[in-house]
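# Inside the fold
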Protein chains: 2
Amino acid sequence: MNSAVPLKTRERILATSLQLFNGQGERQVTTNHLAAAMGMSPGNLYYHFKNKDAIIHALFTRYAERMAATLTFPDDHPLTQADKANLFERVLTVLWEFRFLHRDMTHLLETAELSAPYRAFSLRVLEQLRELYRAQIAAGMIEADAETIDTLAITIWITATNWVNFLHTTGLFLDEPRASGDITEDMLRRGILHVICLEAPYLRGEAKAGLAALKAHYAKSTS
Amino acid sequence: MNSAVPLKTRERILATSLQLFNGQGERQVTTNHLAAAMGMSPGNLYYHFKNKDAIIHALFTRYAERMAATLTFPDDHPLTQADKANLFERVLTVLWEFRFLHRDMTHLLETAELSAPYRAFSLRVLEQLRELYRAQIAAGMIEADAETIDTLAITIWITATNWVNFLHTTGLFLDEPRASGDITEDMLRRGILHVICLEAPYLRGEAKAGLAALKAHYAKSTS
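Residues numbered from 1 in each chain as written. Chains lettered and ligands numbered in written order. Predicted model: local features only at pLDDT ≥ 70, side-chain atom pairs only at ≥ 80, totals over all residues. Heavy atoms only, no water.

## Some thoughts on the relation of the copies chain A and chain B
- If you rotate chain A by 180 degrees and push it 0.0 Å along the axis, it lands on chain B with an RMSD of 0.0 Å. What the superposition gives is, in effect, a two-fold axis relating one chain to the other.
- Of all interface residues in chain A, 100% are interface residues in chain B too; the two copies therefore contact each other through one and the same surface. (Least-squares fit on C-alpha atoms with pLDDT ≥ 70 in both. Contact = heavy atoms within 4.5 Å.)

## Some remarks on the packing of aromatic side chains
- What the rule picks out here adds up to 24 aromatic pairs over all chains.
- Between Tyr 118 of chain A and Phe 121 of chain A, the ring centres sit 6.4 Å apart and the planes meet at 55 degrees, which makes this aromatic pair tilted. Remark: Phe 121 of chain A and Tyr 118 of chain A occur in helix H7 (residues 115-138); sequence separation between them is three residues, near one turn of the helix.
- According to the relative accessible area criterion, Tyr 118 of chain A is buried, its value standing at 5%.
- You can call Phe 121 of chain A buried: its relative accessible area is 6%.
- Summarising the aromatic geometry, the rings of Phe 60 of chain B and Tyr 118 of chain B are spaced 6.1 Å apart at their centres and angled 45 degrees between planes, so their arrangement reads as tilted. A residue pair is termed long-range when its members are at least 10 positions apart, and Phe 60 of chain B in helix H4 (residues 52-70) and Tyr 118 of chain B in helix H7 (residues 115-138) qualify at 58 residues. (Phe/Tyr/Trp six-rings, centres within 6.5 Å; stacked < 30°, edge-to-face > 60°. Helix = DSSP H or I, 4+ residues; strand = E, 2+ residues; numbered from the N terminus. Buried < 20%, exposed > 50% of the residue type's maximum accessible area, 1.4 Å probe, protein only.)

## Remarks on the UniProt feature "DNA-binding region" (unreviewed entry) in chain A
- Following the UniProt record, the feature "DNA-binding region" (unreviewed entry) maps to residues 30-49 of chain A here.
- Secondary structure content for residues 30-49 of chain A is 70% helix and 0% strand, and the end C-alpha separation is 13 Å. (UniProt positions renumbered as here; feature names shortened; annotations may be inferred.)

## Concerning the interface of chain A and chain B
- With 33 residues of chain A at the contact, the number on the chain B side is 33 residues.
- For the pairing of chain A and chain B, the buried interface totals around 2,800 Å² over both sides, and the portion due to carbon and sulfur atoms is 64%.
- Contact with chain B buries surface across chain A, with Ile 154, Ile 158 and Thr 169 of chain A losing the most and accounting together for 17% of the total.
- In this structure, Glu 147 of chain B and Lys 215 of chain A form a salt bridge, with 2.5 Å as the shortest nitrogen-oxygen distance.
- Elements with a contribution of two residues or more to the side of chain A that touches chain B: helix H6 (105-111), H7, helix H8 (146-170) and helix H9 (185-199) of chain A.
- Element by element, the count of residues in the side of chain A that touches chain B is highest for H8 of chain A, at 14 residues. (Buried area = accessible area lost by both parts, 1.4 Å probe. Salt bridge = Lys/Arg side-chain N within 4 Å of Asp/Glu carboxyl O.)

## What to know about the packing of helix H9 (residues 185-199) of chain B against helix H11 (residues 211-219) of chain B
Residue and element names in this part refer to chain B.
- Across the interface, H9 lies against H11 with an axial gap of 8 Å and an inter-helix angle of 160 degrees. Taken together, the axes of H9 and H11 are roughly antiparallel relative to one another. With respect to the hand of their crossing, H9 and H11 are arranged in left-handed fashion. On H11, the residues touching Arg 189, Ile 192, Leu 193, Ile 196 and Cys 197 of H9 are Leu 211, Leu 214, Lys 215, His 217, Tyr 218 and Ala 219.
- By residue class, the composition of the contact of H9 with H11 is eight nonpolar, one polar and two charged. (Axes fitted to C-alpha atoms, helices over the stretch in contact; angles between N-to-C directions. Parallel < 35°, antiparallel > 145°, perpendicular 65-115°, else oblique. Left-handed = near helix turned anticlockwise from the far one by under 90°. Nonpolar A, V, L, I, M, F, W, Y, C, P; charged D, E, K, R; others polar.)

## Details of the pattern of salt bridges
Residues and elements named next belong to chain A.
- Here the structure, examined in full by the defined rule, presents 20 salt bridges over all chains.
- The residue Arg 62 makes a salt bridge to Glu 11 at a minimum N-O spacing of 2.8 Å. In this pair, Arg 62 sits in helix H4 (residues 52-70) while Glu 11 sits in helix H1 (residues 7-24), placing the two residues 51 residues apart along the sequence.
- A relative accessible area of 27% places Glu 11 in the partly exposed class.
- Of the charged contacts in the structure, one is a salt bridge between Lys 84 and Glu 199, with a shortest N-O distance of 2.6 Å. In this pair, Lys 84 sits in helix H5 (residues 81-97) while Glu 199 sits in helix H9, placing the two residues 115 residues apart along the sequence. The burial state of Lys 84 is the same as that of Glu 199; both residues are buried.
- Because the salt bridges share partners, they merge into one network encompassing Glu 127, Arg 130, Glu 131, Arg 134 and Asp 150.

## Some remarks on H9 of chain B
All names here are of chain B.
- Taking 1.5 Å as the rise per residue, H9 with 15 residues should run 21 Å; its terminal C-alpha atoms sit 21 Å apart, in good agreement.
- Among the 15 residues in H9, 12 count as buried, and that is most of the element.
- Residues Met 187, Leu 188, Arg 189, Gly 191, Ile 192, Leu 193, His 194, Val 195, Ile 196, Cys 197, Leu 198 and Glu 199 constitute the buried set of H9. (Expected span 1.5 Å × (residues − 1).)

## Considerations on the domain arrangement of chain A
All names here are of chain A.
- We note that the domain assignment places domain 1 (1-50) and domain 2 (52-220) within chain A.
- Put simply, the middle of domain 1 and the middle of domain 2, counted by C-alpha atoms, are 28 Å apart.
- Tallying the contact residues gives 21 residues for domain 1 and 16 residues for domain 2.
- Counting each side, the surface lost to burial between domain 1 and domain 2 is near 1,500 Å², with a carbon and sulfur contribution of 61%.
- The tally of links between domain 1 and domain 2 comes to six residue pairs in polar contact (both at pLDDT 80 or more).
- Those elements that provide at least two residues to the side of domain 1 that touches domain 2 are H1 and helix H2 (31-37). (Domains from an automatic or database assignment. Polar contact = N/O pair within 3.5 Å; in protein donor to acceptor, adjacent residues only side chain to side chain.)

## Observations regarding the side chain of Arg 130 of chain B
Residue and element names in this part refer to chain B.
- Considering the arrangement of structural elements, one finds Arg 130 in helix H7.
- At a separation of 3.0 Å, a polar atom in the side chain of Arg 130 contacts the side chain of Glu 127.
- Those residues in contact with Arg 130, other than ones at most four positions away along the chain, are Ile 149, Asp 150 and Ala 153.

## A short note on the environment of His 48 of chain B
All names here are of chain B.
- Assignment of secondary structure puts His 48 in helix H3 (residues 42-48).
- For His 48, a relative accessible area of 11% corresponds to the buried category.
- Separated by 110 residues in the primary sequence, His 48 and Ile 158 have C-alpha atoms spaced 34 Å apart.

Here is the structure:
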């Protein structure tokens, strides 16, 4: 970040962009729309970001940082099932906050030069997922060997990154037909329920005992 | 299919298209390329298919039929572990034969009006996957309730349809850096190994006993 640029305007642009990208879909929103929504001249917007891709890039970087910070367990007490439910909630919040990224990641990777940062982000998340499983194994909440942890981490990554697209292409679990850009909190919650079911056979102890309650929580619709 | 059209030319166009789409990527191949490769005038090609999308559509229909015919177990003898290994091989063959479809399915869905047939195909495959699990449960090879079968079928579908893209975006399991269109038999084999690992905790009897051998088979590279 350029320290000569007033933080406030830059932040306002990112916040407005995120809101409009999420609400209308990134492809529908131009830098002119963004400038108009902020009561700002396009020239002023370009002073802060040279183009829309630069804004997407900055939002992706923020998303990756938020997700990396989220995919951790607290280390001030022994791991509990509540920590895991809490992790799911935080992941859901981050996914929801940056939901425009998941509408058409393939398109963004192609157009916004996100290949290299996305690859680094993917590998980092995969390692964090393995670390989360190792912590659950150490706490007696999961039983799995290294190969199984790899399989789970990869499966959860592929599922999480393609869940919205899966719902749209199949029409499954949708309360009503949705335009391909639509994404709701219920769609994300159903994805978390899917991950919970995936992990079920590996659960032990407290985690196994709490499985039914956790599933029931995410099976409930918010709408 | 129009019965007035000689089958041979139509078939030749489809075979050549499949070969060039697989080899060079669908986006790189125009109808002019196709006509030239067949020593045919573009007009003659258009007589059989009004445009490239019509060819893609016909190839997708064929792929969907082949996959539907593949996702079954023989019903003339009790199900064995060999039937399951055989199923994997046949799935791999079909995926490989129509590999251009998996390079950028999102793009094809948008451009070639494949949304409706793709949705029908997805739901059909999901039901076939559930049916395959029910057969394995009946044969004592798998232990799983209806919810688990749903979870497995969906997970395998999402994994299978996004596996190639996952390898390209992360760079994992690639013997060398690959262009985003590249797809090799080893990449598909690694995907089958992933599915085998996913199913591991649900296996019983003969299937559980044969797990190590099946994994070893798909862990071997063909190159």
